[in-house]
Amino acid sequence: MLRFIFAVGFAVLYLIVGIPVLGIEYLIGKINPQKRDVSSLRMVQWAFRVIMKICGVKASVVGYENIPKNEAVLYVANHNSYFDIIITYSMCPGLTGYISKASIGKIPLLNVWMKRLYCLFMDRNDVKQSLKIILQAAEQIKNGISICIFPEGTRGDSAEMMPFKSGSLKMAEKTGCPIVPIAIHNTRSIISDHFPVVCPAHVTIEYGKPIYTRDLPKEEKKALARITQDAIQEMLNHMEAEAPSGSVSPIEKSSSENIPSENDVKVSDSTPEMRRTSGDIRRAPVTTEYQTCPPR
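Residues numbered from 1 in each chain as written. Predicted model: local features only at pLDDT ≥ 70, side-chain atom pairs only at ≥ 80, totals over all residues. Heavy atoms only, no water.

**Side note on the overall build of the chain**
Phase 1: For the chain, the count of helices and strands is 8 helices and 12 strands.
Phase 2: Expressed as a percentage of the 296 residues in the chain, the buried residues total 50%.
Phase 3: The long-range fraction of contacts in the chain, counting pairs at least 24 apart against all pairs at least 6 apart in sequence, stands at 74%.
Phase 4: For the chain, the accessible surface area stands at approximately 14800 Å², while carbon and sulfur atoms represent 57% of it. (Helix = DSSP H or I, 4+ residues; strand = E, 2+ residues; numbered from the N terminus. Buried < 20%, exposed > 50% of the residue type's maximum accessible area, 1.4 Å probe, protein only. Contact = heavy atoms within 4.5 Å. Areas by Shrake-Rupley, 256 points an atom, 1.4 Å probe, with all protein chains shown as cover.)

**A short note on the packing of aromatic side chains**
What describes a pair of aromatic rings is the distance from one ring centre to the other and the angle between the planes of the rings.
Phase 1: Within this structure, the stated rule accounts for 8 aromatic pairs.
Phase 2: Seen from their ring centres, phenylalanine 10 and tyrosine 14 are 6.5 Å apart, and the 35 degrees between their planes marks the pair as tilted. Here phenylalanine 10 and its partner tyrosine 14 are both found in helix H1 (residues 2-31), 4 residues apart, which amounts to about one turn of the helix. Both residues of the pair, phenylalanine 10 and tyrosine 14, belong to the buried class.
Phase 3: On the basis of an interplanar angle of 40 degrees and a centroid distance of 5.6 Å, the ring pair of tyrosine 14 and tryptophan 113 is categorised as tilted. With a gap of 99 residues between them, tyrosine 14 in helix H1 and tryptophan 113 in helix H4 (residues 110-116) connect regions that are remote in the sequence. (Phe/Tyr/Trp six-rings, centres within 6.5 Å; stacked < 30°, edge-to-face > 60°.)

**Focus on H1**
Phase 1: Across its 30 residues, H1 extends 42 Å between first and last C-alpha, which sits within 8% of the 44 Å expected from 1.5 Å per residue.
Phase 2: A bend of about 45 degrees at isoleucine 19 is the largest found in H1, and the proline proline 20 appears one to four places after it.
Phase 3: For H1, the full list of buried residues reads Ala7, Phe10, Tyr14, Leu15, Gly18, Leu22, Glu25 and Gly29.
Phase 4: Looking at the buried side of H1, the elements it contacts are helix H2 (33-54) and H4. (Expected span 1.5 Å × (residues − 1). Bend = angle between axes of the 7 residues up to and from the residue.)

**With respect to the confidence of the model for the chain**
Phase 1: Confidence along the chain averages 82 in pLDDT terms, with 79% of residues attaining 70 or more.
Phase 2: Across residues 246-259, confidence stays below pLDDT 50; counting only partners more than four residues off in sequence or on other chains, it has 52 contacts.
Phase 3: Throughout residues 262-292 the model reports pLDDT below 50, and contacts reaching past four residues in sequence, or to other chains, amount to 82 contacts. (pLDDT = per-residue confidence, 0-100.)

**Digging into the packing of H1 against H2**
Phase 1: One can describe the packing of H1 onto H2 by two numbers: an axis separation of 10 Å at closest approach and a directional angle of 170 degrees. Relative to H2, the element H1 is oriented roughly antiparallel.
Phase 2: A breakdown of the residues in the contact of H1 with H2 according to their chemical character gives 16 nonpolar, 3 polar and 5 charged. (Axes fitted to C-alpha atoms, helices over the stretch in contact; angles between N-to-C directions. Parallel < 35°, antiparallel > 145°, perpendicular 65-115°, else oblique. Nonpolar A, V, L, I, M, F, W, Y, C, P; charged D, E, K, R; others polar.)

**A short note on the side chain of asparagine 111**
Phase 1: Looking at the secondary structure, you find asparagine 111 in helix H4.
Phase 2: A relative accessible area of 13% places asparagine 111 in the buried class.
Phase 3: When neighbours within four sequence positions are excluded, asparagine 111 is seen to be in contact with Ile104, Gly105, Lys106 and Phe121.

**Details of the nonpolar core**
Phase 1: Formed by 46 residues in total, the largest nonpolar core has its most connected members in Phe83, Ile87, Ile190 and Tyr207.
Phase 2: Where this core is concerned, the elements lending two or more residues are H1, H2, strand S1 (57-62), strand S2 (74-77), helix H3 (83-89), H4, strand S6 (178-185) and strand S7 (201-207).
Phase 3: Ranked by the residues each element gives to this core, the list is headed by H2, at 7 residues.
Phase 4: Non-local contacts of phenylalanine 83, meaning those with residues more than four positions away in its chain, are made with Ile51, Cys55, Val57, Thr187, Ile190 and Ile191.
Phase 5: Core analysis: the next-biggest nonpolar cluster, separate from the first, contains 29 residues, Ile141, Ile147, Cys177 and Ala225 among them. (Core = buried A, V, L, I, M, F, W, Y, C linked by side-chain atoms within 4.5 Å.)

**Topic: the environment of threonine 187**
Phase 1: Tracing the sequence through the fold places threonine 187 in the loop between S6 and S7.
Phase 2: Note on threonine 187: relative accessible area 1%, which makes it buried.
Phase 3: Taking the C-alpha atoms as reference points, threonine 187 and isoleucine 87, 100 residues apart in sequence, are found 9.2 Å from one another.
Phase 4: With residues up to four places along the chain from it excluded, the contact list for threonine 187 reads Asn80, Ser81, Phe83, Asp84, Ile87 and Val203.

Following this line, the structure appears as C-alpha coordinates:
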(Lines give C-alpha, C1' and ligand atoms only; values in the text may rest on other atoms or scores of the structure.)
Protein backbone atom coordinates (compact mmCIF):
# COMPACT_ATOMS: atom_id res chain seq x y z
CA MET A 1 0.00 0.00 0.00
CA LEU A 2 2.88 2.37 0.82
CA ARG A 3 4.36 1.90 -2.65
CA PHE A 4 1.03 2.92 -4.18
CA ILE A 5 0.81 6.03 -1.98
CA PHE A 6 4.41 7.07 -2.74
CA ALA A 7 3.95 6.48 -6.49
CA VAL A 8 0.72 8.52 -6.65
CA GLY A 9 2.29 11.20 -4.45
CA PHE A 10 5.29 11.47 -6.75
CA ALA A 11 3.06 11.67 -9.83
CA VAL A 12 0.95 14.47 -8.31
CA LEU A 13 4.08 16.32 -7.18
CA TYR A 14 5.58 16.01 -10.67
CA LEU A 15 2.43 17.48 -12.24
CA ILE A 16 2.38 20.40 -9.81
CA VAL A 17 6.09 21.18 -10.04
CA GLY A 18 5.79 20.73 -13.80
CA ILE A 19 3.44 23.73 -14.16
CA PRO A 20 6.26 26.28 -14.54
CA VAL A 21 8.20 23.72 -16.59
CA LEU A 22 5.33 23.65 -19.09
CA GLY A 23 5.68 27.41 -19.41
CA ILE A 24 9.42 27.13 -20.02
CA GLU A 25 8.84 24.36 -22.55
CA TYR A 26 6.33 26.60 -24.32
CA LEU A 27 8.93 29.34 -24.69
CA ILE A 28 11.55 26.84 -25.89
CA GLY A 29 9.07 25.60 -28.46
CA LYS A 30 8.76 29.09 -29.92
CA ILE A 31 12.46 29.00 -30.75
CA ASN A 32 13.14 25.29 -31.26
CA PRO A 33 10.08 22.98 -31.38
CA GLN A 34 12.21 19.86 -31.81
CA LYS A 35 14.26 20.63 -28.69
CA ARG A 36 11.04 21.19 -26.73
CA ASP A 37 9.59 17.88 -27.90
CA VAL A 38 12.72 15.89 -27.02
CA SER A 39 13.13 17.53 -23.61
CA SER A 40 9.45 16.87 -22.76
CA LEU A 41 9.85 13.24 -23.83
CA ARG A 42 12.96 12.71 -21.69
CA MET A 43 11.45 14.40 -18.61
CA VAL A 44 8.35 12.19 -18.69
CA GLN A 45 10.46 9.09 -19.33
CA TRP A 46 12.54 9.98 -16.27
CA ALA A 47 9.38 10.40 -14.17
CA PHE A 48 8.04 7.02 -15.32
CA ARG A 49 11.34 5.34 -14.40
CA VAL A 50 11.12 6.87 -10.94
CA ILE A 51 7.61 5.45 -10.54
CA MET A 52 8.89 2.04 -11.63
CA LYS A 53 11.68 2.31 -9.05
CA ILE A 54 9.24 3.26 -6.30
CA CYS A 55 7.00 0.30 -7.17
CA GLY A 56 9.89 -2.15 -7.36
CA VAL A 57 9.34 -2.92 -11.04
CA LYS A 58 12.26 -4.29 -13.02
CA ALA A 59 12.11 -5.00 -16.72
CA SER A 60 13.93 -7.15 -19.23
CA VAL A 61 13.81 -5.91 -22.82
CA VAL A 62 14.02 -8.27 -25.77
CA GLY A 63 14.20 -7.39 -29.46
CA TYR A 64 14.75 -3.64 -29.07
CA GLU A 65 16.81 -3.72 -32.25
CA ASN A 66 13.65 -4.65 -34.16
CA ILE A 67 12.39 -1.07 -33.94
CA PRO A 68 13.04 0.54 -37.36
CA LYS A 69 15.41 3.47 -37.25
CA ASN A 70 14.71 6.95 -38.60
CA GLU A 71 11.02 6.45 -39.33
CA ALA A 72 7.75 6.63 -37.45
CA VAL A 73 6.08 3.33 -36.58
CA LEU A 74 2.84 2.04 -35.16
CA TYR A 75 3.46 0.20 -31.89
CA VAL A 76 0.76 -2.38 -31.13
CA ALA A 77 0.68 -4.02 -27.70
CA ASN A 78 -1.44 -6.20 -25.45
CA HIS A 79 -2.93 -4.43 -22.44
CA ASN A 80 -3.35 -5.66 -18.87
CA SER A 81 -2.34 -2.76 -16.62
CA TYR A 82 -1.72 0.98 -16.46
CA PHE A 83 1.92 -0.04 -16.06
CA ASP A 84 1.89 -1.13 -19.71
CA ILE A 85 1.90 2.58 -20.58
CA ILE A 86 4.44 3.58 -17.94
CA ILE A 87 6.93 0.90 -18.92
CA THR A 88 6.63 1.07 -22.71
CA TYR A 89 6.70 4.87 -22.81
CA SER A 90 9.87 4.92 -20.73
CA MET A 91 11.50 2.91 -23.54
CA CYS A 92 10.36 4.88 -26.59
CA PRO A 93 13.43 5.84 -28.67
CA GLY A 94 11.70 8.88 -30.13
CA LEU A 95 8.53 10.97 -30.07
CA THR A 96 5.54 8.70 -29.59
CA GLY A 97 1.92 9.60 -29.02
CA TYR A 98 -0.41 7.17 -27.27
CA ILE A 99 -4.10 6.80 -28.08
CA SER A 100 -5.93 6.94 -24.76
CA LYS A 101 -9.55 6.78 -23.70
CA ALA A 102 -11.40 10.10 -23.66
CA SER A 103 -11.89 10.15 -19.88
CA ILE A 104 -8.12 10.45 -19.30
CA GLY A 105 -8.18 13.66 -21.32
CA LYS A 106 -10.29 15.28 -18.60
CA ILE A 107 -7.64 14.96 -15.87
CA PRO A 108 -6.12 18.43 -15.25
CA LEU A 109 -2.37 18.88 -15.92
CA LEU A 110 -2.00 15.25 -17.02
CA ASN A 111 -3.96 16.07 -20.16
CA VAL A 112 -1.68 19.05 -20.87
CA TRP A 113 1.44 16.87 -20.71
CA MET A 114 -0.18 14.18 -22.84
CA LYS A 115 -1.21 16.68 -25.53
CA ARG A 116 2.31 18.12 -25.43
CA LEU A 117 3.58 14.61 -26.15
CA TYR A 118 1.19 14.11 -29.10
CA CYS A 119 -1.22 11.78 -27.30
CA LEU A 120 -4.78 11.57 -28.61
CA PHE A 121 -8.01 10.86 -26.77
CA MET A 122 -10.59 8.50 -28.27
CA ASP A 123 -14.21 8.08 -27.27
CA ARG A 124 -14.89 4.42 -28.03
CA ASN A 125 -18.65 5.05 -27.95
CA ASP A 126 -18.47 7.70 -30.67
CA VAL A 127 -17.70 6.13 -34.05
CA LYS A 128 -17.33 9.50 -35.83
CA GLN A 129 -14.92 10.85 -33.19
CA SER A 130 -12.93 7.59 -33.21
CA LEU A 131 -12.47 7.82 -36.98
CA LYS A 132 -11.34 11.43 -36.62
CA ILE A 133 -8.71 10.37 -34.07
CA ILE A 134 -7.45 7.58 -36.35
CA LEU A 135 -7.03 10.12 -39.16
CA GLN A 136 -5.21 12.51 -36.78
CA ALA A 137 -2.90 9.70 -35.72
CA ALA A 138 -2.17 8.88 -39.36
CA GLU A 139 -1.19 12.52 -39.96
CA GLN A 140 1.14 12.42 -36.95
CA ILE A 141 2.82 9.31 -38.33
CA LYS A 142 3.29 11.08 -41.66
CA ASN A 143 4.95 13.92 -39.72
CA GLY A 144 7.44 11.51 -38.12
CA ILE A 145 5.73 10.89 -34.77
CA SER A 146 5.20 7.25 -33.82
CA ILE A 147 1.90 6.09 -32.34
CA CYS A 148 1.24 3.39 -29.76
CA ILE A 149 -2.12 1.65 -29.47
CA PHE A 150 -3.69 -1.10 -27.37
CA PRO A 151 -6.23 -2.50 -29.87
CA GLU A 152 -8.04 -4.68 -27.35
CA GLY A 153 -9.83 -1.43 -26.54
CA THR A 154 -9.51 -1.76 -22.77
CA ARG A 155 -7.48 -3.55 -20.11
CA GLY A 156 -8.28 -7.25 -19.94
CA ASP A 157 -9.67 -8.95 -16.83
CA SER A 158 -7.18 -11.78 -17.31
CA ALA A 159 -3.86 -12.45 -19.00
CA GLU A 160 -5.72 -13.76 -22.05
CA MET A 161 -5.93 -11.24 -24.87
CA MET A 162 -9.26 -10.04 -26.19
CA PRO A 163 -9.72 -9.80 -29.97
CA PHE A 164 -8.02 -6.79 -31.54
CA LYS A 165 -10.25 -4.12 -33.03
CA SER A 166 -9.27 -3.96 -36.69
CA GLY A 167 -10.20 -0.29 -37.14
CA SER A 168 -7.37 0.87 -34.89
CA LEU A 169 -4.78 -0.51 -37.32
CA LYS A 170 -6.17 1.46 -40.29
CA MET A 171 -3.59 4.18 -39.67
CA ALA A 172 -0.84 1.73 -40.65
CA GLU A 173 -2.63 0.95 -43.91
CA LYS A 174 -3.16 4.64 -44.66
CA THR A 175 0.47 5.62 -44.02
CA GLY A 176 2.30 2.41 -44.96
CA CYS A 177 4.30 2.66 -41.74
CA PRO A 178 5.79 -0.47 -40.13
CA ILE A 179 3.83 -2.11 -37.32
CA VAL A 180 5.97 -3.12 -34.34
CA PRO A 181 4.21 -5.78 -32.19
CA ILE A 182 4.95 -5.48 -28.46
CA ALA A 183 4.35 -8.34 -26.04
CA ILE A 184 4.08 -7.27 -22.40
CA HIS A 185 4.29 -9.97 -19.76
CA ASN A 186 3.52 -9.91 -16.03
CA THR A 187 2.31 -6.31 -15.54
CA ARG A 188 -0.95 -7.60 -14.03
CA SER A 189 0.99 -8.85 -11.03
CA ILE A 190 2.12 -5.30 -10.16
CA ILE A 191 -1.28 -3.88 -9.24
CA SER A 192 -4.19 -5.04 -11.42
CA ASP A 193 -4.84 -8.27 -9.50
CA HIS A 194 -4.78 -6.62 -6.06
CA PHE A 195 -5.50 -2.90 -6.41
CA PRO A 196 -4.42 -0.70 -4.64
CA VAL A 197 -1.64 -2.95 -3.28
CA VAL A 198 1.52 -2.69 -5.40
CA CYS A 199 3.76 -5.75 -5.66
CA PRO A 200 7.37 -5.64 -6.88
CA ALA A 201 7.60 -7.63 -10.08
CA HIS A 202 9.84 -8.58 -12.97
CA VAL A 203 8.30 -7.64 -16.31
CA THR A 204 9.35 -8.68 -19.80
CA ILE A 205 8.85 -6.47 -22.84
CA GLU A 206 9.51 -7.96 -26.25
CA TYR A 207 9.54 -6.03 -29.53
CA GLY A 208 8.68 -8.30 -32.43
CA LYS A 209 9.83 -8.15 -36.03
CA PRO A 210 8.20 -5.20 -37.82
CA ILE A 211 5.28 -5.89 -40.13
CA TYR A 212 5.60 -3.85 -43.31
CA THR A 213 2.07 -3.25 -44.52
CA ARG A 214 3.21 -2.14 -47.97
CA ASP A 215 4.61 -5.62 -48.60
CA LEU A 216 1.45 -7.49 -47.61
CA PRO A 217 -0.98 -8.85 -50.21
CA LYS A 218 -4.52 -7.45 -50.14
CA GLU A 219 -5.94 -10.50 -48.34
CA GLU A 220 -3.43 -10.21 -45.49
CA LYS A 221 -4.04 -6.47 -45.14
CA LYS A 222 -7.66 -7.30 -44.39
CA ALA A 223 -6.46 -9.65 -41.63
CA LEU A 224 -3.87 -7.22 -40.22
CA ALA A 225 -5.38 -7.20 -36.73
CA ARG A 226 -5.31 -11.00 -36.52
CA ILE A 227 -1.76 -11.24 -37.93
CA THR A 228 -0.48 -8.69 -35.42
CA GLN A 229 -2.29 -10.33 -32.52
CA ASP A 230 -0.92 -13.74 -33.50
CA ALA A 231 2.62 -12.31 -33.49
CA ILE A 232 2.11 -10.92 -29.98
CA GLN A 233 0.51 -14.15 -28.75
CA GLU A 234 3.46 -16.17 -30.02
CA MET A 235 5.88 -13.98 -28.05
CA LEU A 236 3.72 -14.26 -24.94
CA ASN A 237 3.65 -18.04 -25.27
CA HIS A 238 7.47 -18.09 -25.25
CA MET A 239 7.51 -15.90 -22.15
CA GLU A 240 4.99 -18.08 -20.35
CA ALA A 241 7.08 -21.14 -21.11
CA GLU A 242 10.11 -19.48 -19.49
CA ALA A 243 8.30 -17.85 -16.55
CA PRO A 244 8.82 -19.32 -13.05
CA SER A 245 5.89 -21.38 -11.80
CA GLY A 246 3.90 -20.40 -8.73
CA SER A 247 1.75 -17.46 -7.66
CA VAL A 248 4.55 -15.25 -6.40
CA SER A 249 6.32 -12.47 -8.25
CA PRO A 250 10.01 -12.81 -9.11
CA ILE A 251 12.34 -9.99 -8.15
CA GLU A 252 15.54 -10.04 -10.20
CA LYS A 253 18.65 -9.22 -8.19
CA SER A 254 20.92 -8.82 -11.21
CA SER A 255 22.99 -5.65 -11.28
CA SER A 256 21.70 -4.87 -14.76
CA GLU A 257 18.20 -3.49 -15.26
CA ASN A 258 17.36 -3.69 -18.93
CA ILE A 259 15.47 -0.41 -18.88
CA PRO A 260 16.91 2.01 -21.46
CA SER A 261 18.79 4.83 -19.81
CA GLU A 262 17.93 8.48 -20.39
CA ASN A 263 20.97 8.97 -22.60
CA ASP A 264 20.87 5.65 -24.42
CA VAL A 265 17.57 3.91 -24.89
CA LYS A 266 19.04 1.14 -27.03
CA VAL A 267 19.02 -2.25 -25.38
CA SER A 268 20.97 -5.22 -26.64
CA ASP A 269 19.20 -8.54 -27.10
CA SER A 270 22.17 -10.22 -25.44
CA THR A 271 21.91 -9.24 -21.78
CA PRO A 272 22.73 -10.94 -18.46
CA GLU A 273 19.02 -11.47 -17.75
CA MET A 274 17.64 -12.67 -21.05
CA ARG A 275 18.87 -13.60 -24.52
CA ARG A 276 17.01 -14.13 -27.74
CA THR A 277 18.25 -17.15 -29.68
CA SER A 278 16.64 -18.76 -32.74
CA GLY A 279 13.19 -17.47 -31.88
CA ASP A 280 13.28 -18.51 -28.22
CA ILE A 281 13.76 -16.48 -25.08
CA ARG A 282 16.53 -18.00 -23.03
CA ARG A 283 17.17 -16.94 -19.46
CA ALA A 284 20.73 -16.74 -18.23
CA PRO A 285 21.47 -17.71 -14.60
CA VAL A 286 20.59 -14.92 -12.18
CA THR A 287 19.92 -14.78 -8.48
CA THR A 288 16.17 -14.71 -7.96
CA GLU A 289 14.13 -14.38 -4.81
CA TYR A 290 10.36 -14.54 -4.49
CA GLN A 291 8.07 -12.26 -2.60
CA THR A 292 4.44 -12.99 -1.89
CA CYS A 293 2.22 -9.98 -2.42
CA PRO A 294 0.67 -8.80 0.86
CA PRO A 295 -3.11 -9.20 1.25
CA ARG A 296 -5.35 -6.20 0.82
